[in-house]
Each structure stands twice: as C-alpha cells, then as structure tokens.
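Single-letter residue listing:
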Amino acid sequence: MNNPRKTPFRKRTYLFLACLLIVFIIIQFIRPEIKNPPVTADLQAPAEVKTIIKQACYDCHSNETQLRWFDQITPVNWRVAQHIRDGRKVLNFSDWGNLAAPDQKAKLWEAVNQIQEGAMPLKDYEMVHSSAKISANQLATLKNYLQGMVKPAIYGDTAKTNAADKQYKKWQENQLSPANLPVALNGITYIPDYKNWQPLSTSERFDNNTLRAILGNDIAVKAVKENNIRPWPNGSIMAKVAWAQVVDKDGNIHPGAFLQVEYMIKDDKKYASTGGWGFARFKTPKMVPYGKTPLFANECINCHRPMKNEDFVFTLPIKH
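Please read these numbers as outputs of a predicted model, since none were measured by experiment. For every chain, the first residue of the written sequence is number 1, and numbering continues from 1 onward in sequence order. Owing to the predicted nature of the model, reporting of local features is limited to residues with pLDDT of at least 70; listing and counting of side-chain atom pairs is limited to 80 or more, with chain, interface and lining totals taken over all residues. No hydrogens and no water enter the side-chain calculation; it runs on all heavy atoms of the structure.

Draft legend 1. Region of interest: the nonpolar core. Residue types Ala, Val, Leu, Ile, Met, Phe, Trp, Tyr and Cys, when buried and joined through side-chain atoms within 4.5 Å, form a set referred to as a nonpolar core. Only protein chains enter the accessibility calculation, which uses a 1.4 Å probe; a residue is then buried when its area is under 20% of its type maximum, exposed when over 50%, and partly exposed in between. Ranked by size, the top nonpolar core spans 37 residues in total, and within it Tyr194, Trp232, Val261, Tyr263, Trp277 and Phe282 carry the most contacts. Strands here are runs of E lasting at least two residues and helices are runs of H or I lasting at least four, both read from the DSSP assignment and numbered beginning at the N terminus. Considering each element in turn, this core owes the most residues, five residues, to strand β4 (residues 253–266). Val261 has contacts with Tyr190, Tyr194, Ala239, Lys240, Val241, Ala280, Arg281, Phe282 and Met287, leaving out every residue within four places of it along the chain. Membership of the second largest hydrophobic core comes to 20 residues, among which are Val49, Cys57, Ile115 and Ile134. Contact definition: two residues touch when any of their heavy atoms are within 4.5 Å.

Draft legend 2. Highlighting the layout of surface pockets. Within this model, the second largest pocket holds a volume of roughly 910 Å³. Forming the walls of the second largest pocket are 34 residues, and the residues nearest its centre are Ala119, Met120, Leu122, Arg305 and Pro306. For the lining of the second largest pocket, the elements supplying multiple residues, two or more each, are α2 (47–61), α3 (76–90), α4 (101–116), α5 (123–128) and α9 (296–304). Among the elements that make up the lining of the second largest pocket, the one with the highest residue count is α3 (six residues). The nonpolar class holds Ala, Val, Leu, Ile, Met, Phe, Trp, Tyr, Cys and Pro. Asp, Glu, Lys and Arg form the charged class, and all remaining residues, Gly among them, are polar. Tallied by class, the residues present in the lining of the second largest pocket amount to 16 nonpolar, eight polar and ten charged. Both cavities and pockets are sets of points on a 1 Å grid over the protein atoms alone; in a cavity a 1.4 Å probe fits but cannot get out, in a pocket the set is open with protein on both sides within 12 Å along at least five of seven lines, and lining residues sit with an atom within 4 Å of a point. Grid points are joined across faces, edges and corners, and a volume is the space filled by probe spheres set on the points.

Draft legend 3. Summary view of the packing of α2 against α3. Fitting a line to C-alpha atoms yields each axis, with helices limited to the stretch in contact; the angle taken between N-to-C directions then spans 0 to 180 degrees. It is the contact of α2 with α3, at a shortest axis distance of 7 Å, that shows an interaxial angle of 100°. Taken together, the axes of α2 and α3 are roughly perpendicular relative to one another. Seen from α2, the contacting residues are Asp59, Cys60 and His61; seen from α3, they are His83, Ile84, Gly87 and Arg88. Partitioning the contact of α2 with α3 into residue classes produces two nonpolar, three polar and two charged. Orientation categories follow fixed angle ranges, with anything under 35 degrees roughly parallel, anything over 145 roughly antiparallel, 65 to 115 roughly perpendicular, and all other angles oblique.

Right, here's the structure in full:
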C-alpha cells in the first residue's frame, strides 16, 4: 500500500519540477542578440594555418561564429554571447587585414602565447567544442608561421648598439624630476623607483625582437616568497621593462634601446572594473603615456582576462 504521508511530498516535488520546466520554457524566449557582421578584411594565411585558427578561434574571434544547437539554449547562450563580445573586442580575424603588419605580429604572438599557456581556447568552451583543442603539432605550425613573419636579427648590428649608447647618454643628461613625472590618462603616475625593484621573471618577444624584465616592489616580492599570489595582495606593483634586442657578432643577445615600461598595480577596490589591477604604459625615454582615453585599460584587461585563475598575471614569477 502507498504511504499517504508520501503523497503530499510527491505532489510538491512534481509541482516544483513542473514550475522549473515552465520557467525553462519561458526563458527560451529571452535570448541575447548574436549577429555576424560582414567580414571586411579576413585573415590571409596558408591553408594549414588558417584551418587551425578557424577551428579553434573563429567562433569567438571573428564575424563567422558557428553556433551549435547546445550553444543556443538559454541560459547557455547568455554566456556564449558574452564570450563572443569579449573575444571580438580583443581580436577579430574578420578585421585582420585592417591591422598594420607589426600589430598583426603582436596579436598573433599573443594568441600563440595564450594557447601555449593553456589560457586559450577557454576551458569551458573547449570542454563542449572538442574540435577547438589545439594539438602540440598544430601549435608548432602556428609558431613556425609566426616565426616566418619575423625579420631575422642582424649579428653585430652596430646601428642598434650606437642607438642604445646614444639613448643612454641622453637619458643621463635629462632624467625626470619628481615635479614633472608623466601621468597616464587613468591617473597612474610614472614610478621611476622601479629601477631599484627586484626581478621576478623575464620574457622574450621573438615577434618583435624585444627583451623584457618583470620587476616587483617589496609587497610583490614578499607575496612571491610566501606563495601569496592567487590573488596578489593589494599594494603589489609589477613593472615590465622592454628593450630592443641587440645580437653581437657571436650571437649573444643583449638589451639595446629602451622601448617602454608597463605597470600593473593591485588594488581590488580602486581598479575593480579591470580585474583589481591598474594598468599604465609609458613609451620611449620621454615616458609618453599610452592610450587615447582613460578606457585604454580595458584593452589591457581584455588581453589578460584568459589568465583570471592566475589573478590576470601571465608571467609566473621565479621564486627567490
């Protein structure tokens, strides 16, 4: 015999499930708008390279998004739409031909670097779109293609060496005083003391033949020693300094002319809209602030967004 006490419970369960089903059906009519604008300047690359990029990147980084049936179910499609909006802002292969050649190399280097670091394709996307997964051989193909776009370094390039020496002499004569330190459009002031900070790591950009050193202030160094970097504590500041590469006649690589210094300043309240980090970049020895509006920082965080699980930091520090 049925237990009469279970009947009300069953009725409530059926009623609850029925309500869920009704809500699920209703929200299917609340759909984000996902458009594919015209392709104006599509990526031109060898067939093998383009096939890899199309299968792994085009759904979020082009105007040729292909939605599967499961991508169109609400609320999944809300997240899909956000991925597409964010992806096209950072990199859109449908506009590739409108980028200058150096910008194309830089964007492709960023893409390859993020693939190599495991940040792209996004894991939740790759989980349900297995064709987007990039194999080691495919990654090697992309690297070789990028390498072919790079102008080989000239051994013993005296022009670069002389440029670096000339720049250094001028820098000694015209050092910035505290009264006239440049300020980025988002209010971050150039920090000359970065030269006294400790190194956290280094990186090399083979796409534009530059060397980079990542330095940290005392708070950042302490965080590294204590493995307290997920997230980094407020007050941490990192400076990434870039120089042109100079290759001597023996093939040894040295830093040449100074190009720029970039800062990441951690303050999870002040910079909440950009992942808790304040960004600034100062270019050339004159320390010209980068950006045309204060919103330039959105460009920075969009590039770093795939590293959210690492508190938006790409280069993991070497422990002291």
